[in-house]
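# What the coordinates show
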Amino acid sequence: MKDFSKVLLATPIRGNVTCTLYTAGIMQSNGLHGGWLPMAGQSDIYVARNVLANEFLKRKEFDTLVCVDSDIGFTRQHMIDLLESDEQMVSGLYTDKCQPPMPFCRDNDGRPVPLDEIPKQGMLAARFVPGGFLKMDRSVFETLIEKKMVNTYGGGQLHHFYFGRIVLDNLLSEDYSFSDLVYSAGIQPWINCGIRLNHDGRTLDPQPAQPETATLQGKELKTTAAPSTVTTIGPT
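The sections below set out a description of the structure shown in this document. In this text, all values refer to a predicted model and were calculated from it rather than measured experimentally.

### A few points about unusual backbone geometry
- Of note in this structure, Lys-148 is not a glycine but carries a positive phi near 55 degrees.
- With respect to the secondary-structure elements, Lys-148 resides in the loop between helix 4 (138-146) and strand 8 (152-153).
- According to the relative accessible area criterion, Lys-148 is exposed, its value standing at 74%.
- In this structure, Leu-168 takes a positive phi of about 55 degrees despite not being glycine.

### Overview of the packing of helix 4 against helix 5 (residues 174-184)
- One way to put it is that helix 4 packs onto helix 5 with a least axis distance of 10 Å and a crossing angle of 70 degrees. One finds that helix 4 runs roughly perpendicular with respect to helix 5. Contacts from Val-140, Phe-141 and Leu-144 of helix 4 reach helix 5 at Phe-178, Leu-181 and Val-182.
- When the residues that make up the contact of helix 4 with helix 5 are grouped by side-chain class, the tally is six nonpolar, no polar and no charged.

### A word on the pairing of strand 7 (residues 133-137)
- Counting buried positions along strand 7 yields five of five residues, so the element is predominantly enclosed.
- Because side chains alternate across strand 7, one face comprises the buried residues Phe-133, Lys-135 and Asp-137, and the other comprises Leu-134 and Met-136, equally buried.
- Strand direction decides the pairing type here: strand 3 (residues 64-68) and strand 7, joined by five bridges, are antiparallel. From the neighbouring strand, Leu-65 faces strand 7, where its bridge partner is Met-136.
- For strand 5 (residues 89-93) and strand 7, the ladder comprises three bridges, and the chain directions are antiparallel. Paired with Val-90 across the strands is Lys-135, a residue of strand 7.

### Thoughts on the pairing of strand 1 (residues 7-13)
- Counting buried positions over the seven residues of strand 1 gives seven, a clear majority of the element.
- Burial along strand 1 is two-sided: Val-7, Leu-9, Thr-11 and Ile-13 and Leu-8, Ala-10 and Pro-12, pointing in opposite directions, are all buried.
- Bridging between strand 1 and strand 3 involves four bridges; their strand directions are parallel. What sits directly across from Leu-8, in strand 3, is Leu-65.
- As paired elements, strand 1 and strand 2 (residues 35-40) share six bridges and run parallel to each other. Following the sheet pairing, Ala-10 is matched in strand 2 by Leu-37.
- Running through helix 1 (residues 20-28), the crossover from strand 1 to the neighbouring parallel element strand 2 is right-handed.

### Some points on the environment of Leu-172
- Note that Leu-172 resides in strand 11 (residues 170-172).
- By relative accessible area, which is 4% here, Leu-172 ends up buried.
- For Leu-172 and Phe-128, which are 44 residues apart along the polypeptide, the C-alpha to C-alpha distance reads 9.2 Å.

### Topic: the nonpolar core
- Residues Leu-65, Met-89, Met-136, Phe-141, Leu-144, Phe-161 and Phe-178 are the most contacted members of the largest nonpolar core, which totals 36 residues.
- The dominant element in this core, judged by the number of residues it contributes, is helix 2 (residues 45-58), at five residues.
- Once you skip the residues sitting within four places of it in the chain, Phe-161 turns out to touch Asn-50, Ala-53, Asn-54, Leu-57, Phe-141, Leu-144, Ile-145, Val-150, Phe-178 and Leu-181.

Definitions and cut-offs
- Residues numbered from 1 in each chain as written.
- Predicted model: local features only at pLDDT ≥ 70, side-chain atom pairs only at ≥ 80, totals over all residues.
- Heavy atoms only, no water.
- Helix = DSSP H or I, 4+ residues; strand = E, 2+ residues; numbered from the N terminus.
- Buried < 20%, exposed > 50% of the residue type's maximum accessible area, 1.4 Å probe, protein only.
- Axes fitted to C-alpha atoms, helices over the stretch in contact; angles between N-to-C directions.
- Parallel < 35°, antiparallel > 145°, perpendicular 65-115°, else oblique.
- Contact = heavy atoms within 4.5 Å.
- Nonpolar A, V, L, I, M, F, W, Y, C, P; charged D, E, K, R; others polar.
- Pairing = 2+ DSSP bridges.
- Right-handed = clockwise from strand over helix to strand, strands pointing away.
- Core = buried A, V, L, I, M, F, W, Y, C linked by side-chain atoms within 4.5 Å.

Next comes the structure, spelled out in structure tokens:
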């Protein structure tokens, strides 16, 4: 049985606000962790994730880090299912913030897995996993350090785990980059497909269509999406 007292929950918060379903999830998780470490006021998610990871490493009483972003809605059962997974690095399943929302789910070749091909339950091997509801054993970080795959800062006391990588001709977000780094170290990241989360109000269920026009003082405004010329993949 998992010793929940050795679990540290960590949350980067851009401002000082969390979504309601995140707050409800934290309250439901009483007894499933030995500490909660929120970091508020850091607008750079890349900095926040590095600070939280290094703080976890300093706290030797914990052997498991669970990162939960402040815009993720989850339940107590979601947390239990995540913690009871045996794999070293496991993510829940949730969508991006685009319209329509698409699941953050890519296979070991980096290819997106369509929603209708994602199993309802079970584990899916994935090279890129998001960092918004992510369990990591201490051994994940220790392996990266032992293999000298991360640089240090702060007089050699801190490690640079999260940084941008270009993989498969794509610029990755900081959490996809970390996932790829772990994969490169020989540790397989996984997605628990049964942990289906709410992301800033978006779920894996069909979403209502959005209007293509807006009004301002009674006048109809046409909305036009600008073409994207930057190839980037990763959570937003």
